[in-house]
Amino acid sequence: MRIFHLSAECYPIAKVGGLADVVGALPKYQNLAGLQAAVVMPYYNRKFVQENEFDTVFQASTLLGTRRLYFEILKEKTDKLGFELYLVKIPGLLDREEVYQYPDETEQFIAFQIAFLDWISYSQQSPDLIHCHDHHSGLVPFLLYHSKLYTRLSHIPTVLTIHNGQYHGSFGWDKLSYLPEIDLTKTGLLDWGGAINPLASAVKCCWRYTTVSPSYLTELSISSNGLEYLFYMERAKGVGIINGIDTEIWDPKKDPMIPHKFSIKQITKGKQADKEALCARFGFSPDKPLISFIGRLVLEKGADLLAAAMEESFNEHPGQFNFLILGAGEKETEQELLELRDFYSEQCNVFIGYDESLAHLIYAGSDFLLMPSRVEPCGLNQLYALRYGTLPIVRSTGGLRDSVIDFGEEGGYGIRFHNASVEDICTSVTRALNLFQNTKHLQFLQKLMMALDFSWDRSAKEYYELYKSLNPTI
Ligand code: ADP
Ligand code: GLC
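Not measured: the values here are computed from a predicted model.

Reading the values: rules and limits
Residues numbered from 1 in each chain as written. Chains lettered and ligands numbered in written order. Predicted model: local features only at pLDDT ≥ 70, side-chain atom pairs only at ≥ 80, totals over all residues. Heavy atoms only, no water. Near = heavy atom within 4 Å. Polar contact = N/O pair within 3.5 Å; in protein donor to acceptor, adjacent residues only side chain to side chain. Areas by Shrake-Rupley, 256 points an atom, 1.4 Å probe, with all protein chains shown as cover. 1 Å grid on protein atoms, 1.4 Å probe; cavity = no way out; pocket = protein on both sides within 12 Å on 5 of 7 lines; lining within 4 Å. Sits in = over half its atoms within 2 Å of the grid points. Helix = DSSP H or I, 4+ residues; strand = E, 2+ residues; numbered from the N terminus. Nonpolar A, V, L, I, M, F, W, Y, C, P; charged D, E, K, R; others polar. Domains from an automatic or database assignment. Patch = residues over 30% accessible without salt bridge, like charges linked within 9 Å, V, L, I, M, F, W, Y side chains within 5 Å. Salt bridge = Lys/Arg side-chain N within 4 Å of Asp/Glu carboxyl O. Lys, Arg positive; Asp, Glu negative; His and termini not counted. Charge placed at Lys NZ, Arg CZ, Asp CG, Glu CD. pLDDT = per-residue confidence, 0-100.

A.B. asks: Help me understand the site of ligand 1, please; the structure alone is not making it clear to me.
C.D. replies: Residues in close proximity to ligand 1 total 20 residues, the closest being Lys15, Gly18, Asp21, Lys301 and Tyr363. Lys15 places a side-chain nitrogen or oxygen 2.8 Å from an oxygen atom of ligand 1. A distance of 2.7 Å separates an oxygen atom of ligand 1 from a polar atom in the side chain of Asp21. In isolation ligand 1 offers 560 Å² of accessible surface; the protein chains occlude 92% of this area. With respect to the detected pockets, ligand 1 is housed in the largest pocket. Going through the elements one at a time, helix H1 (18-32), strand S12 (290-297), strand S13 (322-329), helix H11 (356-365) and helix H12 (381-387) are the ones with two or more residues in the shell around ligand 1. Considered class by class, the residues forming the shell around ligand 1 number seven nonpolar, seven polar and six charged. Counting contributing residues per domain, the shell around ligand 1 is built from domain 1 (2-244 + 457-470) and domain 2 (267-452), each supplying no fewer than three.

Written out as structure tokens, the structure is:
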């Protein structure tokens, strides 16, 4: 069975967050399980693209409103990622460096989707299923089923995976002319709240949608930036499938990005050696507990709570633990964290920016990873932390609730708290510091965490079952 995954991000080509990790891993595991999964994404002028060879497999032009766009479909020659990778290149629109935040983002993603559909329509390709990820490919189901141009493809099932229901990609009706000729009696399927809403349209038109954890499926009808009623009404079409992780890339036994490799057996020694390397880099004593945070510094991640919570915890436990932050995002939060570092320079350090290798070292060398997320559809950081024997301290929401059991409960291994608040974070920090004093217990939990299985095998199987229910020929 041939499946096309459509996504704005894919690791290692272009990564902003977990979407890239998922789209860079799931197809690989699907192929190992016997499917033929490929990824189609916009062309980005970045390292992976510059350093690898591509064949041009299709060339044509299309229309975006009155603008004629020349486009190419490029295929990576060797399938080295474990799947076929196709890039949609449109000079002047899809050939830039950054993934998001261009003023003409709407035009970029509409053009991406139209070029993809033109390609599979004119080249007589007929995938057995199209799997869209987030709003960037959210117009594809509508266009497949309600544009005359693509009637030949209208039998193809579509699945939408929602990685983040907060972003919809909405734009005004004045841009309707960017879409190819559509059935005008069906425009209601594009609309939400008086605008064209690609995520809402995808939920309405896809055959099934999935969320990246079971809890998030329920949460969308309570909080999804205005789409709550839609998710409530369409609930029967939804299924929650928790993400896995790429256990080849995220493997403390052979991770090239960490100085000391370790398996479950040598965890104490190996982890301590990585902790020493990490602490030496950031001026910390490796004997004290190290709590870290990695992620986008945005409200969703609770990053705005970090400075106040850590200030309170530093005062409550003076000189007793260290805190390290790796992230970038809202300028105000970055500034607050830099001030915290200046004030508590012996206990706190901050790296503002994006650094993949440093992230690996932090997962390996920290004792605890803090995730006070307000919204976390799945969250991969806690899964990476578990794999590297680092105890996650998480707010009980979305995928964090589904993957972390508090060590106070039977079979538990992490720390879970209820509210995204300074108080709950401080209480959890105190629990972590007490646990750190009990070396035997902590070592027991580290081994338990490392033995957990969050590989893609299980979740890839669930996607397979879902695909099969939509196309029994699979
Ligand atoms: P989200 O996609 O919402 O940002 P996830 O937990 O799903 O959250 O995935 C985040 C991914 O991005 C992880 O692979 C994490 O290690 C990585 N990451 C986030 N911020 C940084 C950063 N500043 N430097 C390196 N990696 C980062
Ligand atoms: C989104 C979510 C995150 C999830 C990731 C991958 O970025 O915010 O929770 O892990 O997608 O599905």
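A.B. asks: Could you clarify how one ought to interpret a negative patch on the surface in this entry?
C.D. replies: Together, Glu311, Glu312, Glu316 and Glu423 give the surface a local cluster of negative charge. Note that Glu312 resides in helix H9 (residues 306-316).

A.B. asks: I'm lost on the confidence of the model for the protein in this one. Help?
C.D. replies: Low-pLDDT stretches of the model should not have their predicted coordinates read in fine detail. Averaged over all residues, the pLDDT of the protein equals 97, while 100% of them reach at least 70. Mean pLDDT across the elements of the protein ranges from a minimum in helix H16 (residues 456-470), with 95, to a maximum in strand S15 (residues 368-371), with 99.

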